[in-house]
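Listed below are the residues making up each chain.
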Amino acid sequence: MKQLVIAERVGLIGHIVSMVFGLVGILIVVPNAEVIFHFSEIGQTAMQWSMAGGGVVYMILGTAAVFLYGMRTLGLGRILAFMLPAILISLTSELLGTSTGFPFGHYSYLSGLGYKISGLVPFTIPLSWFYLGCVSYLLARAGLEVDTKPSWWRHIVAIALGSLLLTSWDFVLDPAMSQTSLPFWYWHQPGAFFGMPYQNFAGWWGTGAVFMTVSALLWKNNPIKFERSQLNLPLVVYLANFGFATVMSLAAGFSIPVVLGCFLGVAPALALWLKGSAVSNQTDTQSTTNQMSVANIKVALK
């Protein structure tokens, strides 16, 4: 278990460091290519690596961190029951979107995010759906006490909120990533929301809701018990990726998407984390109290 925790933390730190390198490369090096000549040899190598595969690496490391976290806290069966539907359903949506325009609108991926499946969708994109979707859903599920006070409406609201957190991240990321000096995709028919069609948000929310619903059904008879500290990684991953998107958007001059994302994504994520942590702490306290009571009874009987 200790080795699993170490690997998980290495993946998380690498994920965040890779995003920082990516920001430096996209926002500083690309617009000012001559800057790289002032770096040391190691710095130049790092920047060249960042430009060549930084986007791929940070998504792979994010996937690894969340998968290892899921193995440790949820178990292999449950994390696979989320990962496989998330990857397969999001890939299907992306392939449809890039070939037909449904459900996101007409767009195409450029280079920079790795090998393209069927020549259309980088293999890293479904991975990002998985790890951002997973942490978003876990925050919503824990904050709404789905596993301690199960009911059909709590499940529905958790799926709706989890999908909203996921979509709110895209509010901030998509305008910048499609209009930066080194764009990763572009819209054939730019929309009214800072170049994005409003249909894109419906597609994001709907795709997230579908694979979260499938996972919830697969987890139906296998409730989750979180310890207080186990909600920290989902929050850190969500905020780190939101921070990456925020820096990109602000650098591109897009402040309104950031404000909307904070209101619809960051604020609910923090509230759900606080609520989920409080519930987990209360459960742990009750469990400890019960164990002490049982121990006292045993002592009395002796």
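Computed from a prediction, not measured in an experiment: that's the story for all the values here.

Focus: the overall build of the protein chain
Phase 1 of the analysis: The secondary structure content of the protein chain amounts to 8 helices and 4 strands.
Phase 2 of the analysis: N-terminal to C-terminal, the α/β element order of the protein chain is α-α-α-β-β-β-α-α-β-α-α-α.
Phase 3 of the analysis: Sorting the 302 residues of the protein chain into buried and exposed places 50% on the buried side.
Phase 4 of the analysis: Across the protein chain, every contact between residues at least 6 apart in sequence was considered, and the portion connecting residues at least 24 apart equals 76%.
Phase 5 of the analysis: Of the roughly 14000 Å² that the protein chain leaves accessible, carbon and sulfur atoms contribute 68%.

Quick look at the pattern of salt bridges
Phase 1 of the analysis: Within this structure, the stated rule accounts for 4 salt bridges.
Phase 2 of the analysis: The salt bridge partner of Arg72 is Glu8, with a shortest N-O separation of 2.8 Å. Residue Arg72 is located in helix α2 (residues 41-73), and its partner Glu8 is located in helix α1 (residues 2-29); the two are separated by 64 residues in the primary sequence.
Phase 3 of the analysis: Glu8 sits in the buried class, given a relative accessible area of 4%.
Phase 4 of the analysis: Salt-bridge contacts for Arg141 lead to Asp147; the nearest nitrogen and oxygen are separated by 2.8 Å.

Looking at the packing of helix α3 (residues 76-100) against helix α4 (residues 124-143)
Phase 1 of the analysis: α4 packs onto α3 with a crossing angle of 130 degrees between their chain directions and a minimal axis gap of 8 Å. One way to sum up the angle between α3 and α4 is to call them oblique. The handedness of the crossing between α3 and α4 comes out as right-handed. In this structure, α3 uses Ile79, Phe82, Met83, Ala86, Ile87, Ser90, Leu91 and Glu94 to contact α4, whose residues at the interface are Ile125, Pro126, Leu127, Trp129, Phe130, Gly133, Cys134 and Tyr137.
Phase 2 of the analysis: Each residue belonging to the contact of α3 with α4 can be placed in one class, and the counts come to 13 nonpolar, 2 polar and 1 charged.

A closer look at helix α5 (residues 152-177)
Phase 1 of the analysis: Taking 1.5 Å per residue as the helical rise, α5 with its 26 residues ought to reach 38 Å, and the 37 Å between its terminal C-alpha atoms agrees with that figure.
Phase 2 of the analysis: Where α5 bends most, at Phe171, the angle is about 30 degrees, and the proline Pro175 comes one to four residues later.

So, the packing of aromatic side chains
Phase 1 of the analysis: In total, this model carries 22 aromatic pairs according to the counting rule given.
Phase 2 of the analysis: Ring geometry for Phe82 versus Phe130: centroids 6.4 Å apart, planes at 50 degrees, classification tilted. You can see Phe82 sitting in helix α3 and its partner Phe130 sitting in helix α4, a full 48 residues away along the chain. You'll find Phe82 and Phe130 in the same group, each marked buried.
Phase 3 of the analysis: On the basis of an interplanar angle of 55 degrees and a centroid distance of 6.1 Å, the ring pair of Phe193 and Tyr198 is categorised as tilted.
Phase 4 of the analysis: On the basis of relative accessibility, which here comes to 8%, the residue Phe193 falls in the buried class.
Phase 5 of the analysis: What makes Tyr198 exposed here is its relative accessible area of 53%.

Examining the side chain of Asp170
Phase 1 of the analysis: Residue position: Asp170 is located in helix α5.
Phase 2 of the analysis: No salt bridge is formed by the buried Asp170; the nearest opposite charge belongs to Lys116, separated by 17 Å.
Phase 3 of the analysis: Among the polar contacts listed, one links the side chain of Asp170 to the side chain of Trp204, at a separation of 3.3 Å.
Phase 4 of the analysis: Residues contacting Asp170, with those up to four places away along its chain left out, are Pro175, Met196, Asn200, Phe201 and Trp204.

Side note on the UniProt feature "transmembrane region" (unreviewed entry) in the protein chain
Phase 1 of the analysis: When the UniProt feature table is mapped onto this chain numbering, "transmembrane region" (unreviewed entry) sits at residues 12-30, 50-69, 76-97, 117-140, 152-172, 201-219, 231-248 and 254-274.
Phase 2 of the analysis: Across residues 117-140, helical content stands at 71% and strand content at 12%; the span's end C-alpha atoms are separated by 31 Å.

Looking at the nonpolar core
Phase 1 of the analysis: Of all hydrophobic cores here, the largest spans 76 residues; its most connected members are Phe82 and Phe130.
Phase 2 of the analysis: Sort the elements by how many residues they give to this core and α4 lands first, with 13 residues.
Phase 3 of the analysis: Aside from chain neighbours lying at most four places away, what touches Phe130 is Thr63, Val66, Phe67, Ile79, Phe82, Met83, Ala86 and Ile87.

Brief notes about helix α7 (residues 232-251)
Phase 1 of the analysis: Its 20 residues place the ends of α7 28 Å apart at the C-alpha level, agreeing with the 28 Å of an ideal helix rising 1.5 Å per residue.
Phase 2 of the analysis: Gly253 lies just past α7 and shows a positive phi near 90 degrees.

Cut-offs applied
- Residues numbered from 1 in each chain as written.
- Predicted model: local features only at pLDDT ≥ 70, side-chain atom pairs only at ≥ 80, totals over all residues.
- Heavy atoms only, no water.
- Helix = DSSP H or I, 4+ residues; strand = E, 2+ residues; numbered from the N terminus.
- Buried < 20%, exposed > 50% of the residue type's maximum accessible area, 1.4 Å probe, protein only.
- Contact = heavy atoms within 4.5 Å.
- Areas by Shrake-Rupley, 256 points an atom, 1.4 Å probe, with all protein chains shown as cover.
- Salt bridge = Lys/Arg side-chain N within 4 Å of Asp/Glu carboxyl O.
- Axes fitted to C-alpha atoms, helices over the stretch in contact; angles between N-to-C directions.
- Parallel < 35°, antiparallel > 145°, perpendicular 65-115°, else oblique.
- Left-handed = near helix turned anticlockwise from the far one by under 90°.
- Nonpolar A, V, L, I, M, F, W, Y, C, P; charged D, E, K, R; others polar.
- Expected span 1.5 Å × (residues − 1).
- Bend = angle between axes of the 7 residues up to and from the residue.
- Phe/Tyr/Trp six-rings, centres within 6.5 Å; stacked < 30°, edge-to-face > 60°.
- Lys, Arg positive; Asp, Glu negative; His and termini not counted.
- Polar contact = N/O pair within 3.5 Å; in protein donor to acceptor, adjacent residues only side chain to side chain.
- UniProt positions renumbered as here; feature names shortened; annotations may be inferred.
- Core = buried A, V, L, I, M, F, W, Y, C linked by side-chain atoms within 4.5 Å.

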